[in-house]
Every structure is written in structure tokens, then in C-alpha cells.
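Fold and geometry: a report
Residue strings, one per chain:
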Amino acid sequence: MKYAAAFSMAVMALTLAACQRDVVVTPAPVVEAPAPAPTVIAVPVPGPAGPAGETGATGSTGSTGSMGNTGSTGSTGMTGDTGATGSTGDTGATGQRGRTGDNIIVVPAPAASR
């Protein structure tokens, strides 16, 4: 508890430093020279439009194209050869015959007398 206040102040300083924002400077607007005044050109205007002409004849419908042929299916590949079978390993050597062990006879302990 002795260092709790110092630790709290250090954490607060780190937190505030992490939130500091960079200052953004907005550039001044660019002032352009005024555009020259447009030149006025006198254009003759035609008179009123005449009546609409007759509608032309309807064209004939085009023919439908024929469908292309389907390609033929490719031939099936040949089956691969079966691999050669490996040779059988040599038979292991026969172990030596074990010795006959000693006979152990278990004799019950004598009964205690009363």
C-alpha cells in the first residue's frame, strides 16, 4: 500500500500520454485569378419546326444462328503397370536353448502351539 499513490499517478500519466492527438494544420485556401468574361456570339435561330414525317416500314426479323457441334470425349488413359513385389527377407537365426532351472519347494510354516 506504500506505493499505491505513486503507481496510480504513473498509470494515469501513461494513459493521458497515449491519448494525445496530433495537431492538424489546415492549409490556406488557394485564391485563383477571376476567369475572363465569356465572349457573346450572335447565333441565328431557325424558325418553327415543320410537321413530322411519316413512319418508315418495319424491317424483317433476322434468322437465328445454328448451334455448334459438341466436341468428342477424350480417350481413357491406359492402366499403369503393377510394381514388382519385394523379395522375402532371410529367416532369423534360432535362439539357444535355455537351461533347466532349479526346483523350488515351498514348505508351510509350522503351526504355533497354544
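A short tour of the structure in this document, coming up. The structure presented is a predicted model; accordingly, all values stated were derived computationally and were not measured.

A look at the overall build of the chain
A count of helices and strands for the chain gives one helix and zero strands. Overall size of the chain, expressed as C-alpha extent along the three principal axes, is 150 × 85 × 40 Å. Counting only carbon and sulfur atoms, one obtains 58% of the accessible surface of the chain, whose full area is about 13,000 Å².

Structural notes on a nonpolar patch on the surface
A cluster of nonpolar side chains, Met9, Met12 and Leu16, forms an exposed patch at the surface whose accessible area comes to about 330 Å². You can see Met9 is positioned in helix α1 (residues 4-18).

Considering the environment of Met9
Assessed through its relative accessible area of 53%, Met9 is described here as exposed. Separated by 14 residues in the primary sequence, Met9 and Val23 have C-alpha atoms spaced 26 Å apart.

Description of the environment of Thr26
Structurally, Thr26 is set in the segment after α1. Owing to a relative accessible area of 67%, Thr26 belongs among the exposed residues under this scheme.

Details of the environment of Gly56
Looking at the secondary structure, you find Gly56 in the segment after α1. What makes Gly56 exposed here is its relative accessible area of 57%. Between the alpha carbons of Gly56 and Thr26 there is a distance of 64 Å; along the sequence they are 30 residues apart.

What counts and how
Residues numbered from 1 in each chain as written. Predicted model: local features only at pLDDT ≥ 70, side-chain atom pairs only at ≥ 80, totals over all residues. Heavy atoms only, no water. Helix = DSSP H or I, 4+ residues; strand = E, 2+ residues; numbered from the N terminus. Areas by Shrake-Rupley, 256 points an atom, 1.4 Å probe, with all protein chains shown as cover. Patch = residues over 30% accessible without salt bridge, like charges linked within 9 Å, V, L, I, M, F, W, Y side chains within 5 Å. Salt bridge = Lys/Arg side-chain N within 4 Å of Asp/Glu carboxyl O. Buried < 20%, exposed > 50% of the residue type's maximum accessible area, 1.4 Å probe, protein only.

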